[in-house]
Number of protein chains: 2
Amino acid sequence: MKLFDMTGAPNPRRVRVFLAEKGIEIEKVQIDIMGGENRQKDYLAINPRGLLPTLLLDDGSIIDETSAICRYFEETHPEPALYGDTAKSKAIIESWIRQIEGDAITPAADILRNGNPAFENRSIAGTSDTPQVPALAERGVARLQGFYVRLDNKLSDSEFVTGDSLTAVDITAICAIDFAEYVGVAVPDSLTSLKRWHNRISLRPSAQA
Amino acid sequence: MKLFDMTGAPNPRRVRVFLAEKGIEIEKVQIDIMGGENRQKDYLAINPRGLLPTLLLDDGSIIDETSAICRYFEETHPEPALYGDTAKSKAIIESWIRQIEGDAITPAADILRNGNPAFENRSIAGTSDTPQVPALAERGVARLQGFYVRLDNKLSDSEFVTGDSLTAVDITAICAIDFAEYVGVAVPDSLTSLKRWHNRISLRPSAQA
């Protein structure tokens, strides 16, 4: 088993933090997205979509998409449960992950891929040649700011986003926020609940994965 | 329990088809997205994000996001399993759902919300006032065409997208494709495997849900 990975990219990091919280160690292979290695034929022979992260199973099967890889390990290593343990908690966790992806990871990626010359003609992850759309970089900032306020509000009365213990929601959120800060949209100091949560999650050993 | 729903919108339909395949009947309340009812205060008191579909549980909890609602029912009504029954099948199903959402539902929604005057200043689902970005409507067409070819290829040797039985992938795909055709991007007749699959899935009683 092997994980195709890129240090510094938000979605591969979600998988690494998830594995660290589960105590799972696997072989990792670095693929340089910035340099376009994910669009070259050696990597496309592994994943024709050119996406990272990608998990290669021992039977030769390929699993891409962050949430699919994490859910694979949730099944093979159920403890600690990071996707919930009741119908309701599982649904709430899935809902929050979707909210963070749509309102934070996507806008931050929009800022990077539509505003940075290094991604010229690569505004969509993967293999397509798609021109940058500067308006997406602009609206990404507003979306992130709104998201920060909602997340701060949610964290005003709980230690983790959805309750008493860390879940895949917190992992998704820390990777999203660190990525958003990397692309230039910092969490305002006025959002004290979110800041406190961020400091606490960042101190966990898994955050260094 | 109550499902806030809109006939004609792709994501609410995914939940209705999912429920039909599970044999679950629940109360449904129509909310008119086109008319902006999801952005009015009565609905925002239920779901502050203004999104559909939304599930109201008997304990008063709110679950939004299509995949979260479907996963709730996968837990409460495990048979037939629509999200897979092994670690590997669960991961492959999740990966395909993400691919269909990213490469078909999102581009089709981009075409509708950035090209139709009815969605002026509502280019993102929910409550934000976000100007239309015409370039998104344009690139949506190319993304859908690429997706159709990949899905046709996948269906060349199997009756359902991920194997021998219907899963949430087929449900996601039929709702995505019917939505894409509604916004004007038809499946080409040359993609015969995809056409055959589409006809077969459309004949299931659940497709009318």
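Residues numbered from 1 in each chain as written. Chains lettered and ligands numbered in written order. Predicted model: local features only at pLDDT ≥ 70, side-chain atom pairs only at ≥ 80, totals over all residues.

*Asks:* When you look at the interface of chain B and chain A in this model, what are you seeing that I'm missing?
*Replies:* Interfaces are often described in size by the accessible area the parts lose on coming together. Each partner contributes residues to the interface: chain B has 27 residues there, and chain A has 27 residues. Mapped by element, the contributors of at least two residues to the side of chain B that touches chain A are β4 (62-64), α3 (66-76), α4 (87-115) and α5 (134-154) of chain B. When the residues that make up the side of chain B that touches chain A are grouped by side-chain class, the tally is eleven nonpolar, seven polar and nine charged. (Contact = placed C-beta atoms within 7 Å. Helix = DSSP H or I, 4+ residues; strand = E, 2+ residues; numbered from the N terminus. Nonpolar A, V, L, I, M, F, W, Y, C, P; charged D, E, K, R; others polar.)

*Asks:* Help me understand the sheet that holds β4(B) in this model?
*Replies:* Think of a sheet as strands paired side by side through backbone hydrogen bonds, with each pair either parallel or antiparallel. Residue and element names in this part refer to chain B. Strand order in the open sheet formed by four strands is β2-β1-β3-β4, with mixed pairing between adjacent strands. Among the strands making up the open sheet, the edge pair consists of β2 (27-30) and β4. Going across the sheet, the axis of each strand differs from the next one's by a mean of 25°, ignoring polarity. In this structure, strand β1 (residues 2-5) lies alongside strand β3 (residues 54-56), joined through three bridges in antiparallel fashion. Along β3, the bridge assignment pairs Lys2 with Leu56. Sheet contacts for α3: β3 and β4; angle to β4, the most-contacted strand, approximately 120°. (Pairing = 2+ DSSP bridges. Axes fitted to C-alpha atoms, helices over the stretch in contact; angles between N-to-C directions.)

*Asks:* Would you explain the relation of the copies chain B and chain A in this entry?
*Replies:* What relates the pair of chain copies is a rotation about an axis plus a shift along that axis. Of the transformation placing chain B onto chain A, the axial shift is 0.0 Å and the rotation is 180°, giving an RMSD of 0.0 Å. Between the two chains, the operation in question is that of a two-fold axis. Judged by C-alpha distance, B:Val133 is the residue of chain B that lies nearest the rotation axis, at 4.2 Å. (Least-squares fit on C-alpha atoms with pLDDT ≥ 70 in both.)

*Asks:* Explain the sheet that holds strand β3 (residues 54-56) of chain A here, please?
*Replies:* Residue and element names in this part refer to chain A. Taken together, the four strands give an open sheet; going across it, the order is β2-β1-β3-β4, and neighbouring strands pair in mixed fashion. Of all the strands in the sheet, the pair left with one neighbour each is β2 (27-30) and β4 (62-64). Between one strand and the next, the sheet's axes are offset by a mean angle of 25°, whatever the strand orientation. Relative to β4, β3 is paired through three bridges, and the arrangement is antiparallel. Looking across to β4, one finds that Leu55 is bridged to Ile63. Across the sheet, helix α3 (residues 66-76) lies against β3 and β4, angled at about 120° from β4, the strand it touches most.

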